[in-house]
Amino acid sequence: MQIMFALLLHFLSVAIIFASAIDFNGWLKLHEKSYHSTEEYIKRIGIFHENQAVVERHNAAFEDGLTSYSMTMDSPFADMSADEFASSYLMESQHCSATTHRSSGRLRP
């Protein structure tokens, strides 16, 4: 009985990984992305799934009325970490009155 249960768990985990790979591969195709190595593919699918978990947690909070917007994985950046995205696409903080003055909505540190 324990062997059958262990086999069932193994096959379920393989099925989940396979389904996840199909989702990721579909996303790759949609956004016309590819990677130069197996290592990069493995890294990116891991980040993709981490981001997917964040989206799922956030959307559960949205469904519970705890946030005012939902999130999606329909983005060409879903395989990037938050740090990678920020360093590639966001500007450094300018520490000017427009971003630090009380009237801007952010209090000075």
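Keep in mind that what you see is a predicted model, and the values were worked out from it rather than measured.

1. Regarding the overall build of the protein
Move 1: Looking only at helices and strands, one finds four helices and zero strands in the protein.
Move 2: The helix and strand sequence of the protein, counted from the amino end, reads α-α-α-α.
Move 3: For the protein, restricting intrachain contacts to residue pairs at least 6 apart in sequence, the fraction spanning at least 24 positions comes to 45%.
Move 4: When the accessible area of the protein is evaluated, it comes to approximately 8900 Å², of which 61% is carbon and sulfur surface.

2. Remarks on the nonpolar core
Move 1: Formed by F24, W27, L28, Y35, I45, F48, V55, M73 and A78, the largest nonpolar core amounts to nine residues.
Move 2: Where this core is concerned, the elements lending two or more residues are α1 (2–30) and α2 (38–63).
Move 3: Once residues lying within four places of it in the same chain are set aside, the contact partners of V55 are M71, T72 and M73.

3. A short note on the environment of N59
Move 1: Along the chain, the position of N59 falls in helix α2.
Move 2: For the pair N59 and T72, spaced 13 residues apart in sequence, the C-alpha separation works out to 8.6 Å.
Move 3: Aside from chain neighbours lying at most four places away, what touches N59 is S70 and M71.

4. A few points about α2
Move 1: Under the 1.5 Å per step criterion, the end-to-end length of α2 is 37 Å for 26 residues, consistent within 8% with the ideal 38 Å.
Move 2: Among the residues of α2, R44, I45, I47, F48, Q52, V55, H58 and N59 are the ones counted as buried.
Move 3: One or two residues past the end of α2 sits G65, with phi positive at roughly 80 degrees.

5. Points about the environment of M73
Move 1: Structurally, the position occupied by M73 is in the loop between α2 and α3 (82–89).
Move 2: In this structure the C-alpha to C-alpha distance between M73 and W27, which are 46 residues apart in sequence, comes to 8.7 Å.
Move 3: With residues near it in sequence (within four places) discarded, M73 still touches W27, F48, N51, Q52, V55 and A78.

6. Structural notes on unusual backbone geometry
Move 1: One non-glycine residue with positive phi stands out, namely E32, at about 50 degrees.
Move 2: Residue position: E32 is located in the loop between α1 and α2.

Parameters at a glance
- One numbering rule holds for all chains: residues counted from 1, following each sequence as written.
- Only residues with pLDDT of 70 or above have their local features reported here, since the model is predicted, and side-chain atom pairs are shown and tallied only from 80 upward, although totals for entire chains, interfaces and linings are computed over all residues.
- With hydrogens and water set aside, each side-chain value is computed from the structure's full complement of heavy atoms.
- A helix here means a DSSP run of H or I that spans at least four residues, while a strand means a run of E at least two residues long, and both kinds are numbered starting from the N terminus.
- We call two residues in contact whenever any of their non-hydrogen atoms come within 4.5 Å of each other.
- Per-residue and other accessible areas follow the Shrake-Rupley method at a 1.4 Å probe size, with only the shown protein chains counted as cover for residues.
- Only buried Ala, Val, Leu, Ile, Met, Phe, Trp, Tyr and Cys residues count toward a nonpolar core, and they belong to the same one when joined by side-chain atoms within 4.5 Å.
- The buried label goes to any residue with under 20% of its type's maximum accessible area, the exposed label to any with over 50%, and the partly exposed label to all in between, with areas taken from a 1.4 Å probe on protein chains only.
- Expected helix span is given by 1.5 Å per residue-to-residue step, counting one fewer step than there are residues.

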